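Given next are the chains, with one letter for each unit.
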Amino acid sequence: MRIKPAVLLLLSGLLPALPALAGDSAALYQKHCAACHGGERLGGTGPALLPENLGRLRPGEAARVIADGRPATQMPAFAGQLAATEIEQLQKYIYAPPAVSPRWERADIEASRIEHADVRKLPHQPSFAADPMNLFVVVESGDHHVSILDGDKLEPIHRFPSRFALHGGPKFSPDGRFVYFASRDGWITKYDIWNLTPVAEVRAGINTRNAAVSADGKYVAVANYLPHSLVILDSDLKPVRVLPVADIDGKKTSRVSAVYDAAPRQSFVAALKDVEEVWEISYNPTHPDIPAGMIHDFQYKEGAFIPGFLNPQRTKVEDYLDDFFFTQDYNDLMGASRQGGRGQVINLDARRKVAELQLPGMPHLGSGITWAWQGRTVMATPNLNEGLVSVIDTATWQTLRSIPTLGPGFFMRSHENSRYAWTDSMMSREHKDTLQVIDKEKLEVVARLRPVPGKTLAHVEFTRDGRYVLASLWERKAAGGALIVYDAQTLQEVKRIPMDKPVGKYNLHNKITRSEGTSH
Ligand code: DHE
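On a predicted model such as this, the values are computed, not experimentally measured, just so you know. (Residues numbered from 1 in each chain as written. Predicted model: local features only at pLDDT ≥ 70, side-chain atom pairs only at ≥ 80, totals over all residues. Heavy atoms only, no water.)

**Some words on the coordination of the iron atom of the ligand**
Phase 1 of the analysis: Exactly one donor from the protein chain reaches the iron atom of the ligand: His167 (NE2), at 2.2 Å.
Phase 2 of the analysis: Tracing the backbone shows His167 in the loop between strand S4 (155-161) and strand S5 (171-172). (Donors = N, O, S within 2.8 Å, 3.2 Å for Na, K, Ca; no water. Helix = DSSP H or I, 4+ residues; strand = E, 2+ residues; numbered from the N terminus.)

**Structural notes on the sheet that holds strand S15 (residues 277-282)**
Backbone-to-backbone hydrogen bonds join strands into a sheet, with any given pair of strands oriented parallel or antiparallel.
Phase 1 of the analysis: Spatial strand order, S13-S14-S15-S16: four strands in an open sheet with antiparallel pairing. Looking at strand neighbours, the two that pair on one side only are strand S13 (256-262) and strand S16 (312-316), the edges of this open sheet. Adjacent strand axes in the sheet meet at a mean angle of 25°, parallel and antiparallel pairs treated alike.
Phase 2 of the analysis: Of the pairings in the sheet, the one linking S15 to S16 comprises five bridges and is antiparallel in character. Residue pairing in the sheet places Trp279 in a bridge with Arg314 of S16. (Pairing = 2+ DSSP bridges. Axes fitted to C-alpha atoms, helices over the stretch in contact; angles between N-to-C directions.)

**Thoughts on the environment of Arg255**
Phase 1 of the analysis: Relative to the helices and strands, Arg255 resides in the loop between strand S12 (239-244) and S13.
Phase 2 of the analysis: Sequence separation of Arg255 and Arg352 is 97 residues, and the distance between their C-alpha atoms is 21 Å.
Phase 3 of the analysis: When neighbours within four sequence positions are excluded, Arg255 is seen to be in contact with Asn224, Tyr225, His228, Ala271, Leu272, Lys273 and Asp274.
Phase 4 of the analysis: Among the polar contacts made by the side chain of Arg255, one reaches the side chain of Asp274 at a distance of 2.8 Å. (Contact = heavy atoms within 4.5 Å. Polar contact = N/O pair within 3.5 Å; in protein donor to acceptor, adjacent residues only side chain to side chain.)

**Comments concerning the pairing of strand S19 (residues 341-347)**
Phase 1 of the analysis: Within S19, five of the seven residues are buried, which leaves the element mostly enclosed by the surrounding structure.
Phase 2 of the analysis: Of the pairings in the sheet, the one linking strand S18 (residues 332-336) to S19 comprises five bridges and is antiparallel in character. By the bridge assignment for S19, Leu333 is matched with Ile346.
Phase 3 of the analysis: Both S19 and strand S20 (residues 352-359) contribute to a ladder of seven bridges, which runs antiparallel. (Buried < 20%, exposed > 50% of the residue type's maximum accessible area, 1.4 Å probe, protein only.)

**Focus: helix H6 (residues 84-95)**
Phase 1 of the analysis: End to end, H6 covers 17 Å across 12 residues, agreeing with the expected 16 Å (1.5 Å per residue, within 8%).
Phase 2 of the analysis: Residues of H6 that are buried: Glu86, Ile87, Gln89, Leu90, Gln91 and Ile94. (Expected span 1.5 Å × (residues − 1).)

**As for the pattern of salt bridges**
Phase 1 of the analysis: Under the definition given, this model contains 28 salt bridges.
Phase 2 of the analysis: In this structure, the salt-bridge partner of Glu201 is Arg163, at a minimum N-O distance of 2.8 Å. Placement of the pair is Glu201 in strand S8 (residues 197-203) and Arg163 in the loop between S4 and S5, with a sequence separation of 38 residues.
Phase 3 of the analysis: A salt bridge links Arg265 to Asp349; its shortest N-O distance comes to 3.1 Å. Of this pair, Arg265 sits in the loop between S13 and strand S14 (267-272) while Asp349 is found in the loop between S19 and S20, placing the two residues 84 residues apart along the sequence.
Phase 4 of the analysis: Linked by salt bridges that have partners in common, Arg265, Glu280, Asp349 and Arg351 make up one network. (Salt bridge = Lys/Arg side-chain N within 4 Å of Asp/Glu carboxyl O.)

**Brief notes about the site of the ligand**
Phase 1 of the analysis: The full set close to the ligand counts 19 residues, and His167, Lys171, Arg184, Arg413 and Ser519 are the nearest of them.
Phase 2 of the analysis: A distance of 3.0 Å separates a nitrogen atom of the ligand from a polar side-chain atom of His167.
Phase 3 of the analysis: Elements supplying a minimum of two residues to the shell around the ligand: strand S9 (207-213), S13 and strand S33 (502-507).
Phase 4 of the analysis: Per-class residue counts for the shell around the ligand are seven nonpolar, six polar and six charged. (Near = heavy atom within 4 Å. Nonpolar A, V, L, I, M, F, W, Y, C, P; charged D, E, K, R; others polar.)

Right, dumping it as structure tokens:
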């Protein structure tokens with residue numbers, strides 16, 4: 001038989017390997033990616049590579065990462081090993097849903113749990129001199145780390161690696177000793193702040209939105225997009241309930257947009273993305289019986305069943321509500337659907353809509369804050385697609401003022417001791433670099449801060465006493481990424497604390513006391 005020259009060259013190793021043919025994508029994945037990202041793309045040392053987990057990448061970015069790697073991570077560059085067509089094939093493969101939808105059940109959650117330290121053997125007091133109630137927890141997404149900052153000296157006291165892509169605010173135990181983080185890949189980490197050490201981790205889902213900690217510190221609730229579940233863990237991160245999320249007939253399942261702790265009600269409240277219901281899950285063990293016919297509960301085969309206790313109670317709503325703001329007593333919630341324009345107020349006792357909201361654009365209710373204004377309590381929310389802050393009377397639910405800003409914004413903050421509320425315009429290309437300061441009495445923007453033109457400046461948090469404001473200069477450390485500290489009264493810059501893309505920062509005292517000026 002006559003062997004063709006190209007084959008001879010290939011056999012002799014002189015010709016580069018031919019690009020894989022279509023259909024070989026799975027084999028390519030298994031060869032090059034599976035070791036770190038898991039055989040079923042659920043993640044391992046690297047993140048999960050499923051469409052839900054990749055949705056936040058810009059078009060073409062996955063291919064770029066495969067080719068060039070990711071600096072400061074273990075992701076190597078494959079451009080030298082793979083042809084451009086193979087990289088493209090891999091990109092298509094990881095964006096395609098798997099043939100069988102991945103499952104993540106109680107046994108998977110239990111098996112994933114890692115115990116780093118035995119809390120009972122750790123000292124029950126802070127191992128540092130800083131005021132444990134005036135610490136800041138700073139989430140740095142540049143190299144996926146967390147810094148603990150002394151809020152009096154405004155200096156970092158510790159830095160440690162986090163799971164990949166934390167999202168949502170970290171949540172604290174009521175005594176301030178522990179903080180819980182949720183990663184978009186479903187990992188929940190419990191960290192002992194006093195001893196500066198991780199305690200335990202568990203993977204509660206494959207694609208997770210956020211976590212909430214009960215006011216009694218006994219439970220952690222986790223909202224998942226994948227699978228469609230709401231997971232209740234105990235404070236050791238052992239699963240107590242894995243609630244499949246579906247409508248009352250069990251026909252339509254739903255992603256969970258977010259879960260919140262409604263502390264005064266001793267319950268978790270969950271926003272559902274695909275079912276027109278709001279769920280409330282009581283963690284009060286003496287929760288009274290639910291009136292027959294009013295509430296529909298899951299019946300659990302496992303363990304003792306206490307009506308209402310750790311079981312969802314449904315409130316039917318007239319739209320898909322996926323972003324919530326709660327009044328300070330948590331009896332009413334404002335819900336907005338991501339379609340924009342409309343919202344509803346739901347009373348959690350009456351379990352029904354009590355008011356309609358006319359909300360222009362797409363308000364980001366989750367970032368809303370409240371304050372007293374001329375004898376009433378108002379809430380203010382930034383808007384994700386319009387340059388305005390809506391100020392709403394929480395008694396009448398009427399919009400009192402639409403404060404124009406430079407562009408669409410994401411976050412808002414204030415403090416009981418400050419006359420100002422701060423917001424960003426980070427969703428605007430031209431004005432993402434400018435923080436705007438609103439006078440809470442005049443209801444107008446009175447100052448604009450633009451310390452580094454062209455660089456995103458967003459997400460502020462006050463010190464415990466409200467004297468200083470810490471804002472994120474959303475850049476890698478080498479490019480000047482930092483927390484910029486402002487005097488909350490004079491609005492002058494006080495100092496910069498270098499950080500690696502500091503996404504969010506959270507003051508322990510403000511969070512634990514549920515300050516009216518911060519997200520809960
Ligand atoms: Fe968030 C909180 C939803 C994109 C950074 N974000 C939240 C919360 C919700 C939410 C429901 C409140 C939960 C909590 O704190 O426990 N976020 C969403 C979205 O639906 C959206 C628009 C799209 C998505 O892909 O999830 C979104 N969020 C982002 C980002 O792109 C941000 C800017 C950067 C990132 O790292 O993901 C981002 N979200 C944050 C931060 C918080 C947050 C920093 C905590 C705010 C706080 O101060 O408490």
